[in-house]
Amino acid sequence: MDEAITSLHSAPARVPSRAGAGLKAVHYQTIIDEQPDIGWFEIHPENYMGQGGAPLRYLERIRSDYPISMHSVGTSLGSHQPLDTNHLNELKRLVDRFQPGLVSEHLSWSHGYEWYTNDLIPLLYTEESLKLVVTHIQQVQETLQRKILIENPSSYLQFKQSEIPEQAFLVEAIKRSGAGLLLDVNNVFVSCKNHGWDIETYLAPITQEMVGEIHLAGHAIQSLGDQELLIDDHGSPVCTAVWELYRHCIDRLGDIPTLIERDSNIPSFDELQQEVQFAEQYLNSYREMSHVTTG
Amino acid sequence: MSPLAELQQAFCDALLSPEVPAESLLNELVDDGLALQRFNVYRNNFIVLNGDALADMYPVIKRLIGEEAFRALASAYVRLHPPQERALLLYGAQFPPFLESIPELSGLPYLSAVARIEYAWTESYHAEDSAVLSEQQVSTVPTEALGSCQLLPHPTLHLIHSDYPVHAIWQANQADDCNQVISLDQGESHVVILRPDIDVEVREVSRGAFHFLKRLQLGESIDRAYEAASQQDNSFDPGSFLTEHLFDGTFYKIKPSA
Amino acid sequence: MKKSTSVLVASAITTALAMAPMTGVHADTEKEKCYGVAKAGKNDCKAGPGTSCAGSSTVDGQGNAWMLVLKGSCEKIVGGSLAEKG
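Residues numbered from 1 in each chain as written. Chains lettered and ligands numbered in written order. Predicted model: local features only at pLDDT ≥ 70, side-chain atom pairs only at ≥ 80, totals over all residues. Heavy atoms only, no water.

**Q** Go over the overall build of chain C, please, and point to the residues and values.
**A** The helix and strand tally for chain C stands at two helices and one strand. Helices (α) and strands (β) of chain C occur, in sequence order from the N terminus, as α-α-β. Each of the 86 residues in chain C was classed as buried or not, and the buried ones make up 35%. (Helix = DSSP H or I, 4+ residues; strand = E, 2+ residues; numbered from the N terminus. Buried < 20%, exposed > 50% of the residue type's maximum accessible area, 1.4 Å probe, protein only.)

**Q** Describe the environment of Leu283(A), listing the residues and the values that go with them.
**A** Residue and element names in this part refer to chain A. You can see Leu 283 is positioned in helix α10 (residues 269-294). Here the alpha-carbon distance between Leu 283 and Val 188, two residues 95 residues apart in the chain, equals 20 Å. If we skip the residues at most four places from it in the chain, Leu 283 touches Ser 17, Arg 18, Ala 19, Tyr 246, Ile 250, Asp 255, Ile 256 and Thr 258. (Contact = heavy atoms within 4.5 Å.)

**Q** Describe the nonpolar core, listing the residues and the values that go with them.
**A** In this structure, Phe41(A), Leu183(A), Leu216(A), Tyr246(A), Phe11(B), Ile61(B) and Tyr110(B) are the most contacted members of the largest nonpolar core, which totals 155 residues. Per element, the largest residue contribution to this core is 10 residues, and it comes from helix α3 (residues 35-57) of chain B. Each of domain 1 (1-108) and domain 2 (130-258) of chain B gives at least three residues to this core. In this structure, Ile61(B) is in contact with Phe70(B), Phe95(B), Leu99(B), Leu111(B), Val114(B), Ala115(B) and Glu118(B), ignoring residues within four places of it in sequence. Among the nonpolar cores identified, the runner-up in size contains 34 residues, and Leu159(B), Phe212(B), Phe236(B) and Phe241(B) belong to it. (Core = buried A, V, L, I, M, F, W, Y, C linked by side-chain atoms within 4.5 Å. Domains from an automatic or database assignment.)

**Q** So what's going on with the pairing of strand β6 (residues 116-121) of chain A? Residues and values would help.
**A** Looking along a regular strand, one sees side chains alternate from face to face of the sheet. All names here are of chain A. For β6, a buried count of six out of six residues is recorded, marking the element as mostly surrounded by other parts of the structure. Pairing of strand β5 (residues 109-111) with β6 involves two bridges; the strand directions are antiparallel. Counterpart to Trp 109 in the pairing with β6 is Ile 121. Count of turn residues in the β5/β6 antiparallel hairpin: four residues. (Pairing = 2+ DSSP bridges.)

**Q** Quick one: what's the story with unusual backbone geometry, residue by residue and with numbers?
**A** Residues and elements named next belong to chain A. Phi is positive for Gln 35, close to 45°, though the residue is something other than glycine. Along the chain, the position of Gln 35 falls in the loop between α2 (28-34) and β2 (41-43). Despite not being glycine, His 234 has its phi angle at roughly 50°, a positive value. Inspection of the secondary structure assignment puts His 234 in the loop between β11 (227-231) and α9 (240-253). Here His 234 falls in the buried class, since its relative accessible area comes to 1%.

**Q** Break down the packing of aromatic side chains for me, citing the residues and quoting the values.
**A** Here the structure, examined in full by the defined rule, presents 27 aromatic pairs over all chains. Ring geometry for Tyr113(A) and Trp115(A): centres 6.4 Å apart, planes at 25°, overall stacked. Residue classification places Tyr113(A) among the partly exposed residues on the basis of a relative accessible area of 24%. The buried category is assigned to Trp115(A), whose relative accessible area is 8%. Ring centres of Trp243(A) and Tyr246(A) lie 5.8 Å apart, and the angle between their planes is 75°; on these two criteria the pair is classed as edge-to-face. Of this pair, Trp243(A) and Tyr246(A) are both found in helix α9, three residues apart, which corresponds to roughly one turn of the helix. The pair Trp243(A) / Tyr246(A) is uniform in exposure class, with both members buried. Ring pairs connect the aromatic residues Trp109(A), Tyr156(A), Phe159(A), Phe11(B), Phe39(B) and Tyr42(B), which therefore count as one cluster. (Phe/Tyr/Trp six-rings, centres within 6.5 Å; stacked < 30°, edge-to-face > 60°.)

**Q** Tell me what's going on with the interface of chain C and chain A, and back it up with residues and numbers.
**A** Between chain C and chain A, the contact holds 18 residues from the first and 28 residues from the second. With both chains or domains summed, chain C and chain A bury close to 1800 Å², and 57% of this area falls on carbon and sulfur atoms. When residues of chain C are sorted by the area they lose upon contact with chain A, Tyr35(C), Asn43(C) and Cys45(C) head the list and together hold 41% of the total. The tally of links between chain C and chain A comes to zero salt bridges. (Buried area = accessible area lost by both parts, 1.4 Å probe. Salt bridge = Lys/Arg side-chain N within 4 Å of Asp/Glu carboxyl O.)

**Q** Explain α3(B) residue by residue, including any values.
**A** For α3(B), which comprises 23 residues, the first-to-last C-alpha distance of 34 Å matches the rise-based estimate of 33 Å (1.5 Å per residue) to within 8%. Counting buried residues along α3(B), 19 of its 23 residues qualify, which places the element largely inside the surrounding structure. (Expected span 1.5 Å × (residues − 1).)

**Q** So what's going on with the side chain of Lys24(A)? Residues and values would help.
**A** Looking at the secondary structure, you find Lys24(A) in the loop between β1 (19-22) and α2. The residues touching Lys24(A), leaving out its near neighbours within four places in the chain, are Arg262(A), Asp263(A) and Ile266(A).

**Q** How would you sum up the sheet that holds strand β4 (residues 189-194) of chain B? Please name residues and give values.
**A** Residue and element names in this part refer to chain B. Ordered by their spatial adjacency, three strands build an open sheet running β2-β4-β5, and the pairing between neighbours is antiparallel. Of all the strands in the sheet, just β2 (158-162) and β5 (201-204) have a single pairing partner and so form its edges. On average, each strand axis in the sheet is tilted by 20° relative to the strand beside it, whichever way the strands run. Two strands pair when backbone bridges link them, and β4 and β5 are joined in this way by four bridges, in the antiparallel orientation. Residue Leu 194 lies in a different strand from β5, and its bridge partner there is Glu 201. Contacts from helix α7 (residues 111-126) reach β2, β4 and β5, with the element oriented near 175° to β2. (Axes fitted to C-alpha atoms, helices over the stretch in contact; angles between N-to-C directions.)

Treat this as a map of the structure, not an account of what it does.
Printed below as a string of C-alpha cells:
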C-alpha cells in the first residue's frame, strides 16, 4: 500500500512564483469542494507525522490538486543537542511521500534538554553556533537528499554573548551549507522593530540567488511603558507597513513564491484568499513592469 | 560544557519555572530595561502554546471543569511534563494520571477516565490505517478450528473501564446539550474506542463483551476469551455479540493460535 | 477446554458469517467525498500571548498555592459522591 502511495507523486511539483496560503484544517473541505485558484499550499510536516487517518488523507487529496511546501518547526537546527534522527526520518518519509516543491526550517532552537519547548528560540550568534547550525543544515539536506531553505526568525530578545549580526550569521550559514533563504518579511519587520535594527542594513547582504520563498503574516503590538514590542502571532491580516516592505523586497529580489501565514483568529477561506490575491497582484505587476523595462 | 549548551539549558530551566529567572540568565540578555518582559514572551509561548495543544486533546475535560481551571492545570502539567516529541499530535499522555493526583479534583472521580477516552480517541485518529476482518478470511477456517483461533481486535481499538458512567458523560459533552442529567449512580462503564476506517467510534459495551475483547487483544484463543468473559458476566452471549460486531470493524484478523 | 465452549464459539462465528452481507463492498460510493473529522494541527510557528503574565502565574500543581475554580459545563452530573454538592 505504501509503495502505491509513494508512486502517486514521482517527483516534486515545483512551487510556482505565485502566492500561496498556509493550509489549515478548517479549510480542507472548502479547498477540496471549490478548488480555488491558488498557487500552492504550505504545511507544517509535524502535523502530519501520525501513522494514518484523516490528516494524511486530506493532504493526499490536496496534494493531488496543488503543489505544496513543507515548513518544518521541529528540527531545532540551533540546538547544542544532536538532531533527533527519529524526527528526521519522519520528515524524510513525508517528503518522499508528498514530494513538496520546497522544504524549509527556522534559524532557531527548541531543544535544550531531553524535551522540547515547541517554540522558536533565538540563537547565540557566535562562531560556535554557526559551525553547529551549518553541520545540522547539512545533516538535514543529506537525509532528505535535497536543498532546504532557512527562515530568518522573529525574536524578542538578544544574548549579550552574540558576536555576529543576525543577517550576517544567516547569510554565512546559507553560503556554507548550500541552503537557500526563506525570507519572512514580517519577521524582518518584527525583529528590526523589537531590537532597534535598521531594516535596510538587515536586507543588504541578501541577494536574489539566495531567496527561494517569502513569508508574510500579521503581528500584534504590545505597549510596555513608552516602548512597544511586536509579537509575531499570525493572528491578523498583513499590516500596511509590512506590505510596503514586501513590495520593496520583490522589487529588489524578483517574483519569489510568497506565502500568507495565518495561525490564529483564522478567517474564512475566502477572506484568506483575498489576502493571497493581494500578494499575487503585486507579483503580477512586478512581472509586467520588469518585462517593460527589460524588454 | 560549551557556552552554548550552558545558555540553552539555563534558558530551559527558566522556561519551566514560574519564578523570576535566575540573575545569571538575565545577565546574559541584552537589557534595555525590558529584559524580563522579553524573556516572558518565550515563557508564555512555552506555557500557553503547549497548553493549547493540551486543550485541543482534552476538550471534554475543559468543558467539565471550565476554562480557568483547565488553564491552571495545563500550566502545571506543561511544567511537569514538557513535550517529549517534536510533533505535538499525541502530547498529553500523562494528563489522566496527573488529574488523579490533584487533591482539588477528588470530588470529580470520573475525570481521569473521561480523559483516557479523549486520549484514546486521538491515538485512534492518528493510528496506522488497517483493514478490517473480511468474511473471506473467516470462511477459510474450518469450523472445528474456529474456537482455538486468535481473533485479533482492530489495531486502533482501545478499551477503557471506569466505575462511573464515563461514556454518558463523554457523549453528553460532544454537543451543546444542556438538558442532560447524568447520575453517577448509573455505575460502571465499559468503553470501546476504534477507527475501522476514517471515523473514530466510541461505543459502550457490556461487561462481558469488554472482557472478551480484552482477552482477545492479549492474543488468547476465542474459546479462552469467551470463558473468561462469561466468568465476568454470565449473561454474555457470543452469538449476538459476534453477529453484530464480527465484520463491523471491531476485528481485523483471524489466525491459528501461536 | 470444555468442548461445549468450542461448539458455542464456532456456532456463534458461523452464524455471524451466515448473516454477514457477502457483497464485500460496504457502501464505498457514499464515502468517496468524505475524509473524516479535520482536527486542527497542533504545531505551528506563531507566537503566543506576548508579554502577559500567563507563564509566570504561580499555580504549581502542588495544591498549596492555588485554588481551582471549577466551573463545569452545563449538563448536570448528579448522584454518587457528588450528591452533597447539589
